[in-house]
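# Structural overview
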Amino acid sequence: IFGSGAHVTSLILMANLMSWETTVIDVKIFKEFVKEADEIIELSNLEDILSMDLNSFDASVILSHSPKTDDIYLKALINSTMNYIGMMGNKKNMQRIKQEFVLQNDKRFFAPIGLDIGGNTHQAIALSICSQIEAKKNGKI
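Cut-off values and rules
Residues numbered from 1 in each chain as written. Predicted model: local features only at pLDDT ≥ 70, side-chain atom pairs only at ≥ 80, totals over all residues. Heavy atoms only, no water. Core = buried A, V, L, I, M, F, W, Y, C linked by side-chain atoms within 4.5 Å. Buried < 20%, exposed > 50% of the residue type's maximum accessible area, 1.4 Å probe, protein only. Helix = DSSP H or I, 4+ residues; strand = E, 2+ residues; numbered from the N terminus. Contact = heavy atoms within 4.5 Å. Phe/Tyr/Trp six-rings, centres within 6.5 Å; stacked < 30°, edge-to-face > 60°. Expected span 1.5 Å × (residues − 1).

### Considerations on the nonpolar core
One recurring pattern in soluble globular proteins is that nonpolar side chains are buried together. Counting 21 residues, the largest nonpolar core has Phe2, Ile49, Leu54, Leu74, Met87 and Phe109 as the members making the most contacts within it. Among the elements of the structure, helix 3 (67-78), strand 4 (84-87) and helix 4 (91-100) are those that each provide at least two residues to this core. Considering every element that reaches this core, the biggest residue donor is helix 3, with five residues. The residues contacting Leu54, other than those within four sequence positions of it, are Phe2, Ile25, Ile49, Ala76, Leu77, Ser80 and Met82. Residues Val8, Ile12, Val34 and Ile129 belong to the second largest nonpolar core, which totals 19 residues.

Right, here's the structure in full:
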């Protein structure tokens, strides 16, 4: 999980229910929102993510809500062998991202992230994201 704001707590809790190991990576970690994560990696500099080996992770979720930060995280993830790369954002901005990073045909990239289940709460969004990850993992999408 890239980002550590209040909105990630529900995602961590939902992922824990699925018995997934969760790692939160960000430049500034808000520890009160990520205390249930299995691992926390606080980057000294944003660009440090570009030299990290991310190949041991199966899925990623970009929830930093900062375009500059999102772009750098995405750049690092594209170069990994990760099976699922999801990014939060509005449809218009996600179309720009897909074109800018040439991701229109990348079957690993999901943006905006999550299945459309019609909910807007943090819990519903977490459920929609975890459902999409699980569906990808099981070959359903």
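Moving on from the model shown.
### Quick notes on the packing of aromatic side chains
Using the criterion set out here, one finds three aromatic pairs in the structure. On the basis of an interplanar angle of 50° and a centroid distance of 6.4 Å, the ring pair of Phe30 and Phe33 is categorised as tilted. Consider the rings of Tyr84 and Phe110, whose centres lie 4.8 Å apart with planes at 15°: the pair is stacked. Taken together, the residues span a long stretch of sequence, with Tyr84 in strand 4 and Phe110 in strand 5 (residues 109-110) at a distance of 26 residues.

### Things to note about helix 3
Given a rise of 1.5 Å per residue, 12 residues ought to cover 16 Å, and the 16 Å separating the end C-alpha atoms of helix 3 matches this to within 8%. Listed as buried for helix 3 are Thr69, Asp70, Asp71, Ile72, Tyr73, Leu74, Ala76 and Leu77. Of the surrounding secondary structure, the elements contacted by the buried residues of helix 3 are strand 1 (23-26), strand 3 (59-62), strand 4, helix 4 and strand 5.

Functional significance is not addressed by these values, which are geometric in nature.
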